[in-house]
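Here are the chains, one letter per residue:
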There are 2 protein chains.
Amino acid sequence: MKLLPERTIERLSKYRRVLQRELDNGTDHIYSHELAKLLHITPVQVRRDIMLIGHTGTLRKGYGIENLIKLIGEIIDCSSSEQNVAIIGIGKLGQALLEYLNSSNTRLNLSAVFDNNPDKIGDSFGGTLCHNIDNLKKIIIRENITIGILTVPPEYAKEISARMVDAGILGIMNYTPVSLKLDHAFLEEYDVITSLEKVAYFAKPRHAEFL
Amino acid sequence: MKLLPERTIERLSKYRRVLQRELDNGTDHIYSHELAKLLHITPVQVRRDIMLIGHTGTLRKGYGIENLIKLIGEIIDCSSSEQNVAIIGIGKLGQALLEYLNSSNTRLNLSAVFDNNPDKIGDSFGGTLCHNIDNLKKIIIRENITIGILTVPPEYAKEISARMVDAGILGIMNYTPVSLKLDHAFLEEYDVITSLEKVAYFAKPRHAEFL
DNA sequence: AATGTTATGTGATTTTTATAACAGTTGTTA
DNA sequence: TAACAACTGTTATAAAAATCACATAACATT
Ligand SMILES: NC(=O)c1ccc[n+]([C@@H]2O[C@H](COP(=O)([O-])OP(=O)(O)OC[C@H]3O[C@@H](n4cnc5c(N)ncnc54)[C@H](O)[C@@H]3O)[C@@H](O)[C@H]2O)c1
Ligand SMILES: NC(=O)c1ccc[n+]([C@@H]2O[C@H](COP(=O)([O-])OP(=O)(O)OC[C@H]3O[C@@H](n4cnc5c(N)ncnc54)[C@H](O)[C@@H]3O)[C@@H](O)[C@H]2O)c1
């Protein structure tokens, strides 16, 4: 099976959520231009993405929302086994993310949390037990965790990411400002400072484009 | 003046921080392949970015770190006036970001925080006063704030972003999962769920590429 | 039935971004 | 001093992503 473009996957994730909202509102079909408007992108982009995943709409009625949501689910979520997630480093950011994930209705389920602070180990965070980082591999294997959210202090990022991959993690979402390199696992990084400085660069009177 | 590519700006932000670390360690020059290695990108990419901003390295010695940092600063930071930032919605995420920004050494300075919760208004968050959202425009003008970090509940995102732009904000970093559209202001959006679902898609045994 | 309208689906093209290839320069070594 | 090695700077090329342009289909209207 051919891998879909990264940007298409990103949009599929967004499509699914706005489609779910529409479905909850009682809508059963949607036009490409309607979906496009909800996300402020072009209708062609929507049609192309939907074409790529092999869904086909009805002319004059648009796309069947329920089927489309189901198909996106088959692509993003694991069809066979569930995809279990762990948060490594349950500090300020880790806890904010944990609560956010628990309140969202993504299919990913948070199975474990890790920290090295004795005060946190053994505690429950939003219903999820915090394990000792020393037991990382054991728990990851036992709970069949494939995705890790890395929110430890920067100085530990490299070492712990390697241990995560060694334990069998297949993908890491890295929120530390340290650039990582993984062998044989998918890596996604997000850097807050970079985003803000990018806004700072473009949000200047001299860059008249947006003003 | 020609606008630089978005991706180049993103990398410049990262270059600056690792360069600062190197400078603090006593290094005064760096080769493109060394800088590349620190960020896990290619040396060509580094050289191209540096070429685009008009810095020129010394053959056999590499790039002068101090000059390079200064030049990146002139590009990203506002040279004339300072760039002041506000956080709108000082909840879980807003507070985590605030502490993170305060502890980082970015040039952007956090000037104000806004909320609509009476318990928070008037309080200090990491040394920054929380204002009533009703005074948004007044304070933004008074403090000359040009950049806003939006972390309010999703249902308020659209309305408040419009008010921010109306108040004179030139760029918004939107962390709500609601897709926005601004008139005459730069917009950057980050969606946690999208990132995670992207990792979920690529972190599957069937996508052997990374395994 | 002919015509107009408004969708989808997709090949062609453009734009953006990254990589490859290499010319030119400086110092080193034999 | 000639050959070599190791850098930078930049043009050319490729790859990824977005957009354009339009063929085609379904339905409404006359
Ligand atoms: N707070 C933010 O908004 C924010 C934003 C972007 C990036 N970050 C990055 O995210 C990471 C976490 O930030 P934070 O603000 O939550 O910091 P924090 O100090 O509040 O949390 C870090 C957590 O990691 C734990 N920890 C430390 N060493 C560990 C180890 N070896 N193994 C396991 N757990 C360990 C600590 O006990 C703590 O609970 C940092 O790298 C930070 O740079 C934070
Ligand atoms: N927590 C996370 O990790 C996370 C991650 C990604 C995105 N988000 C998004 O970021 C936003 C904030 O998330 P959170 O977890 O911090 O929520 P939160 O409820 O903890 O914080 C929201 C804050 O906004 C304030 N607020 C509400 N209405 C307001 C208004 N009209 N004007 C000004 N302030 C107002 C509230 O008083 C509160 O302080 C949400 O849109 C959420 O979806 C959160």
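Note that the structure is predicted; figures quoted are calculated from it, not measured.

Chemist: Now, about the site of ligand 1: what can you tell me, with residues and values included?
Modeler: Neighbouring residues of ligand 1: 23 residues in total, closest K92, L93, D115, K120 and V152 of chain A. Near ligand 1, residues from chains A and B are present, making the site a shared one. Separating an oxygen atom of ligand 1 from a side-chain N or O atom of D115 of chain A is a distance of 2.5 Å. Here A96 of chain B contributes a backbone N or O atom positioned 3.1 Å from an oxygen atom of ligand 1. Expressed as a share of its isolated accessible area of 820 Å², the protein-covered part of ligand 1 is 85%. Those elements giving two or more residues to the shell around ligand 1 turn out to be α5 (92–103) and α7 (154–167) of chain A together with α5 (92–103) of chain B. Taken together, the residues of the shell around ligand 1 sort by class into 14 nonpolar, 6 polar and 3 charged.

Chemist: Tell me what's going on with the protein's contact with DNA strand D, and back it up with residues and numbers.
Modeler: Taken together, 21 residues lie near DNA strand D, and S32, R48, T56, G57 and L59 of chain B sit nearest. Sugar and phosphate atoms constitute 54% of the interface atoms of DNA strand D, taking the interface as everything within 4 Å of the protein. Note that a base oxygen of DNA strand D is positioned 2.9 Å from one of the side-chain N or O atoms of R47 of chain B. Here a sugar or linking oxygen of DNA strand D and a side-chain polar atom of R60 of chain B are 3.1 Å apart. Counting residues per element, the ones that place at least two in the surface near DNA strand D are α1 (6–24) and α3 (43–52) of chain A together with α2 (32–39) and α3 (43–52) of chain B. Partitioning the surface near DNA strand D into residue classes produces 7 nonpolar, 7 polar and 7 charged.

Definitions and cut-offs
- Residues numbered from 1 in each chain as written.
- Chains lettered and ligands numbered in written order.
- Predicted model: local features only at pLDDT ≥ 70, side-chain atom pairs only at ≥ 80, totals over all residues.
- Heavy atoms only, no water.
- Near = heavy atom within 4 Å.
- Polar contact = N/O pair within 3.5 Å; in protein donor to acceptor, adjacent residues only side chain to side chain.
- Areas by Shrake-Rupley, 256 points an atom, 1.4 Å probe, with all protein chains shown as cover.
- Helix = DSSP H or I, 4+ residues; strand = E, 2+ residues; numbered from the N terminus.
- Nonpolar A, V, L, I, M, F, W, Y, C, P; charged D, E, K, R; others polar.

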